[in-house]
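Tertiary structure, described
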Number of protein chains: 2
Amino acid sequence: MMDDLITMGQQAQQAAQQLSQLSTSQKNHILKLVAQSLRKHTDEIVEKNNQDLGNADGLASSFVDRLTLDDERIEQIAVGVEQVVALQDPIGDIDKGWKTEDDLYITKQRVPLGVIGMIYEARPNVTVDAFALTFKTGNAVILRGGKEALLTNIQLVEAIKEVLRDNDIDENAVQILHDTSHKTANEMMSLTGYIDVLIPRGSARLIKTVVENAKVPVIETGAGNCHIYVDEFAQAQMAADIIVNAKTQRPSVCNAAEKIVIHSSVAEQFLPIIAAALKPYNVELRGDERARAILPDINVATEEDWGTEYTDYIMAVKVVDSLDEAIEHINKYNTKHSESIITDNYANSEKFLQRIDAACVYVNASTRFTDGFKFGFGAEIGISTQKLHARGPMGLNELTSTKYLIRGNGQIRE
Amino acid sequence: MMDDLITMGQQAQQAAQQLSQLSTSQKNHILKLVAQSLRKHTDEIVEKNNQDLGNADGLASSFVDRLTLDDERIEQIAVGVEQVVALQDPIGDIDKGWKTEDDLYITKQRVPLGVIGMIYEARPNVTVDAFALTFKTGNAVILRGGKEALLTNIQLVEAIKEVLRDNDIDENAVQILHDTSHKTANEMMSLTGYIDVLIPRGSARLIKTVVENAKVPVIETGAGNCHIYVDEFAQAQMAADIIVNAKTQRPSVCNAAEKIVIHSSVAEQFLPIIAAALKPYNVELRGDERARAILPDINVATEEDWGTEYTDYIMAVKVVDSLDEAIEHINKYNTKHSESIITDNYANSEKFLQRIDAACVYVNASTRFTDGFKFGFGAEIGISTQKLHARGPMGLNELTSTKYLIRGNGQIRE
């Protein structure tokens, strides 16, 4: 089935005008009804999901797991929508205000971005999650999910659209591409003038493709080659606890640590303690020459290792002679995501905080806290690793723009 | 001469690391020296400018005027750099801070964007202006000016680099492309991973080319099809004064008004007053049928007129029967830049402010105030007409990003 992207873009812009003017209570009312509609249509959704699963023969079991919906998972998705109801609506917030030398009163007010595009992969829950967050912030959304979840996604969107139609909300507030070809995805990435921002969610490969091909503005999310630097003034036990947590609590995610950088004055004493702490989790350690002189059984870390995000039970260890060398190494190889120093030294902590170039820089804490929920945002659209518009965990605020309202009494410019 | 863009990108990133760590007083010291260096090298700069002007045979006189530098203009440029010294440095500002449920103390701190690309046209003053603003905010800059100003621009950059070298600042803080071919410009627009943001400054055509071709993030600046809506509750004299100012005070710029939208209940009374006020400035009026019924001598406004930014002494007039119709018309045809309502009615002013989709929405004031200086920012990099990262006049703050600093005491994620 062919999608007419230009028409979809125009329809989304039209819907966005209505959405931008809805009150918070109207938006919350719709979201509550959407949660109910998902529960009501559970059987149809599961049926379509079974059809998708039937077409998924031969795919990896982890992939099939991400694709699968059952009654319990649909209930979780519905509860997720209800949680968005409870979040504060940023639209209308005044960021700042002042009076100019010409006696104009200016306020900078939060407004929706307009039309958001989402390109994602197997998980059908992203379909509903993306709608809930973009709708709460008054944006229209155009979705392009993975082809393996197409029938499920269409059914989920239909359950949402039913509520929109019944409540005189433009149903083009949410649209989904029925054609999941690369050609149509590329058309979507080129929809300049219609899509205000495109957010890819998924594998590093997907994100790279979008960043390299999109002509519309993109927020880059994802890749995390995160380091824990164990300073010469670190406590061994704290270092080991944080490294174990940052590596093993959920190794597949972007805020998991991939590298240990350790000061040479404590390496000999600490590395055996850290290695012993990681052993029960079967973490494969790789090291430079100096690390291997202390831990002779570990594998060699090559140049390629320093820049690799393993997202697996693997860590590489580098021994350095100074904080400066650690900072230089991290700034060279990191993906600007999350970096942590373990130290009891004040000056070193401040130097690390200021000189490391990353979205989130930690002292004495696990990189696993880089997360919209843990940050207290109540939601997470993704974690931006770029510097424009949003950096780090993105909550509802990052789905908004601003406009200036200027109130005068007849001013003209001299 | 060929430029190796990848090498330039790497050098800029390297320089950006040093720049991000300079203190405000260090940066101000360098800027003062740059102003002095420009004065000292006035003769060489004028000489190179004469060579550029010698190659500019056959170009329009307005173009040649923009290209020309003399002693007085170089002095103005030097004073401009000294004015940047006086601006507050946003780097290090804490936007907000809080404690999380895990007792992590998070602060969101302003940091440089990193590497900024500027693509611009004839005016050589942009070369120095771009350096001063990006340097003040701790960013490295890669410049690509117009080919007609190449020798002048190289000489200006050399006057800056001399100061950088003498003060142990990486001279790659500013780099300029020597090859002004389209091929090299396209390479610059594709320098993903090296350039954090590209800002085009110049004609609508230049900006369109950059927006449509760039793979690096772009901030779209420029085009302004701005409207003045004369409400049924407007004062005729205020409406006329503001329209005259918004059209004629400087018609070539993006915040000049291009359209009058007027309520039918006051059109018959007000339009002759407005037309009379515009007459001394030789403004050509074009109108829809109803406007021409009141002002029979004016030309016909076609469908194409409604979407056109004239940047000339031309205005088109549309008569509407309601505020809603005015808002619908403006939201359909505007370029999201600056729009103004003239009214004494409170409810209408608020409706216009909230429902018009534009960077700057005015009540009872000229659109000509959309300007970084008039807004009180002390500088202007451009006026963003996009919604991502920055919208409206951009000052120093818009040349920055943020990072999160997270201070813990051993926290791990459960």
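Residues numbered from 1 in each chain as written. Chains lettered and ligands numbered in written order. Predicted model: local features only at pLDDT ≥ 70, side-chain atom pairs only at ≥ 80, totals over all residues. Heavy atoms only, no water.

Chain A carries the name Gamma-glutamyl phosphate reductase in an unreviewed UniProt entry, which gives Paucilactobacillus nenjiangensis as its organism. What UniProt records for chain A under Sequence similarities (unreviewed entry) is the sentence "Belongs to the gamma-glutamyl phosphate reductase family." (UniProt positions renumbered as here; feature names shortened; annotations may be inferred.)

**With respect to the packing of helix α2 (residues 24–40) of chain A against helix α5 (residues 71–86) of chain A**
All names here are of chain A. Two numbers describe how α2 lies on α5: the axes approach to 9 Å, and their chain directions differ by 175°. Classified by the angle between their axes, α2 and α5 sit roughly antiparallel to one another. Contacts between α2 and α5 involve Asn28, Leu31, Lys32, Val34, Ala35, Leu38 and Arg39 on the former and, on the latter, Ile74, Glu75, Ile77, Ala78, Val79, Val81, Glu82, Val84 and Val85. Residue classes in the contact of α2 with α5 are distributed as 11 nonpolar, 1 polar and 4 charged. (Axes fitted to C-alpha atoms, helices over the stretch in contact; angles between N-to-C directions. Helix = DSSP H or I, 4+ residues; strand = E, 2+ residues; numbered from the N terminus. Parallel < 35°, antiparallel > 145°, perpendicular 65-115°, else oblique. Contact = heavy atoms within 4.5 Å. Nonpolar A, V, L, I, M, F, W, Y, C, P; charged D, E, K, R; others polar.)

**Some remarks on helix α10 (residues 236–248) of chain B**
With 13 residues, α10 of chain B extends 18 Å from end C-alpha to end C-alpha; this agrees with the ideal 18 Å at 1.5 Å per step. Taken as a whole, α10 of chain B has its buried residues at Ala236, Met238, Ala239, Ala240, Ile242, Ile243, Val244, Asn245, Ala246, Lys247 and Thr248 of chain B. (Expected span 1.5 Å × (residues − 1). Buried < 20%, exposed > 50% of the residue type's maximum accessible area, 1.4 Å probe, protein only.)

**Let's talk about unusual backbone geometry**
With phi around 65°, lysine 336 of chain A is a residue other than glycine that occupies positive phi space. With respect to the helices and strands, the residue lysine 336 of chain A is situated in the loop between α14 (323–333) and β12 (338–342).

**Observations concerning the environment of aspartate 65 of chain B**
Relative to the helices and strands, aspartate 65 of chain B resides in helix α4 (residues 61–67). Note on aspartate 65 of chain B: relative accessible area 43%, which makes it partly exposed.

**Some points on the interface of chain B and chain A**
Chain B puts 70 residues into the contact, and the matching count from chain A is 70 residues. Summed over both partners, the interface of chain B with chain A comes to about 6,000 Å²; 51% of that surface belongs to carbon and sulfur atoms. For the interface between chain B and chain A, the tally reads 8 salt bridges. A salt bridge links glutamate 101 of chain B to lysine 374 of chain A; the shortest N-O distance between them is 3.5 Å. On inspection of chain B and its partner chain A, the count reaches 51 residue pairs in polar contact (both at pLDDT 80 or more). Elements with a contribution of two residues or more to the side of chain B that touches chain A: β2 (105–112), α9 (204–213), α10, α15 (346–355), β13 (360–365), β15 (392–394) and β16 (400–411) of chain B. The dominant element in the side of chain B that touches chain A, judged by the number of residues it contributes, is β16 of chain B, at 11 residues. Classifying every residue of the side of chain B that touches chain A gives 30 nonpolar, 21 polar and 19 charged. When strand β16 (residues 400–411) of chain A meets β13 of chain B, the two strands line up parallel, connected through 5 bridges. (Buried area = accessible area lost by both parts, 1.4 Å probe. Salt bridge = Lys/Arg side-chain N within 4 Å of Asp/Glu carboxyl O. Polar contact = N/O pair within 3.5 Å; in protein donor to acceptor, adjacent residues only side chain to side chain. Pairing = 2+ DSSP bridges.)

**What to know about the packing of aromatic side chains**
Residue and element names in this part refer to chain B. Counting across every chain of the model gives 15 aromatic pairs over all chains. Pairing phenylalanine 375 with phenylalanine 377 gives two aromatic rings, centres 5.8 Å apart and planes at 70°, and the pair type is edge-to-face. Take phenylalanine 375: its relative accessible area is 2%, and that puts it in the buried class. Given the relative accessible area of 19%, phenylalanine 377 is considered buried. (Phe/Tyr/Trp six-rings, centres within 6.5 Å; stacked < 30°, edge-to-face > 60°.)

**Some words on the side chain of threonine 152 of chain A**
Relative to the helices and strands, threonine 152 of chain A resides in helix α7 (residues 150–166). Every residue in contact with threonine 152 of chain A, bar those within four places of it in the chain, is listed here: Ile45, Lys48, Asn49, Asp52, Leu69 and Pro124 of chain A.

**Some remarks on the sheet that holds β16 of chain B**
Spatial ordering of the open sheet is given by β10(A)-β9(A)-β11(A)-β8(A)-β7(A)-β12(A)-β13(A)-β16(B)-β2(B)-β1(B), a layout of 10 strands whose pairing is mixed. Two strands close off the open sheet at either side, each with one partner strand: β10 (299–300) of chain A together with β1 (94–99) of chain B. Most of the contacts of helix α10 (residues 236–248) of chain A go to strand β7 (residues 226–230) of chain A, to which it runs at about 170°, and overall it touches β7, β8 (257–263), β11 (314–320), β12 and β13 (360–365) of chain A together with β16 of chain B.

**Side note on the packing of helix α6 (residues 125–136) of chain B against helix α7 (residues 150–166) of chain B**
All names here are of chain B. Between α6 and α7, the least distance of the axes is 9 Å, while the angle of their chain directions is 35°. Contacts from Thr127, Val128, Phe131 and Phe135 of α6 reach α7 at Asn153, Leu156, Val157, Ile160 and Leu164. Considered class by class, the residues forming the contact of α6 with α7 number 7 nonpolar, 2 polar and no charged.

**Considerations on the sheet that holds strand β5 (residues 174–176) of chain B**
All names here are of chain B. Read from one edge to the other, the open sheet built from 4 strands follows the order β5-β4-β3-β6, with strand pairing classed as parallel. Two strands bound the open sheet, and with one partner strand each, they are β5 and β6 (197–201). Neighbour-to-neighbour, the strand axes of the sheet open up by a mean angle of 20°, direction not taken into account. Note: strand β3 (residues 115–120) against β6, 5 bridges, orientation parallel. Bridge assignment links tyrosine 120 to a residue of β6, and that residue is arginine 201. Sitting on the sheet, α7 touches β3, β4 (140–144) and β5, and the angle it makes with β5 is about 155°.

**Observations concerning the nonpolar core**
Counting 74 residues, the largest nonpolar core has Leu38, Phe135, Leu143, Leu164 and Leu198 of chain B as its most contacted members. The biggest single contributor to this core is α6 of chain B, with 7 residues. Apart from the residues lying within four places of it in its own chain, the contact partners of leucine 198 of chain B are Gly117, Met118, Ile119, Met188, Met189, Val210, Ala214, Val216, Pro217, Val218 and Ile219 of chain B. Counting residues in hydrophobic clusters, the runner-up holds 73 residues, among them Leu5, Ile116, Ile176 and Val211 of chain A. (Core = buried A, V, L, I, M, F, W, Y, C linked by side-chain atoms within 4.5 Å.)

**Some details on the relation of the copies chain B and chain A**
Laying chain B over chain A is done by rotating through 180° and shifting 0.0 Å along the axis; what remains is an RMSD of 0.1 Å. Taken together, the rotation angle and the small translation identify this as a two-fold axis. Relative to the rotation axis, the C-alpha of histidine 389 of chain B is the closest in chain B, positioned 1.8 Å from it. When you check the interface residues of chain B against chain A, 100% turn up at the interface there too, and the contact is symmetric in its surfaces. (Least-squares fit on C-alpha atoms with pLDDT ≥ 70 in both.)

**Section: the UniProt feature "domain: Aldehyde dehydrogenase" (unreviewed entry) in chain A**
Residue and element names in this part refer to chain A. The positions UniProt marks with the feature "domain: Aldehyde dehydrogenase" (unreviewed entry) are residues 8–284 and 314–376. Secondary structure content for residues 8–284 is 51% helix and 17% strand, while the C-alpha to C-alpha distance between its ends is 49 Å. The span residues 314–376 is 33% helix and 29% strand, and its two end C-alpha atoms sit 30 Å from each other.

**Concerning the environment of alanine 293 of chain A**
In this fold, alanine 293 of chain A is placed in helix α12 (residues 289–294). Each C-alpha atom of the pair alanine 293 of chain A and glutamate 268 of chain A lies 9.0 Å from the other, and the pair is 25 residues apart in sequence.

**Structural notes on the pattern of salt bridges**
Applying the stated criterion across every chain, the model contains 54 salt bridges over all chains. Here lysine 247 of chain A and glutamate 258 of chain A are joined by a salt bridge, their closest N and O atoms 3.0 Å apart. Here the residue lysine 247 of chain A occupies a position in helix α10, and glutamate 258 of chain A occupies one in strand β8, the gap between them amounting to 11 residues. Glutamate 258 of chain A carries the same exposure label as lysine 247 of chain A, and that label is buried. Its salt-bridge partner being arginine 110 of chain B, residue aspartate 95 of chain B comes within 2.6 Å of it at the nearest N-O pair. Highlighted residues: aspartate 95 of chain B in strand β1 and arginine 110 of chain B in strand β2, separated in sequence by 15 residues.

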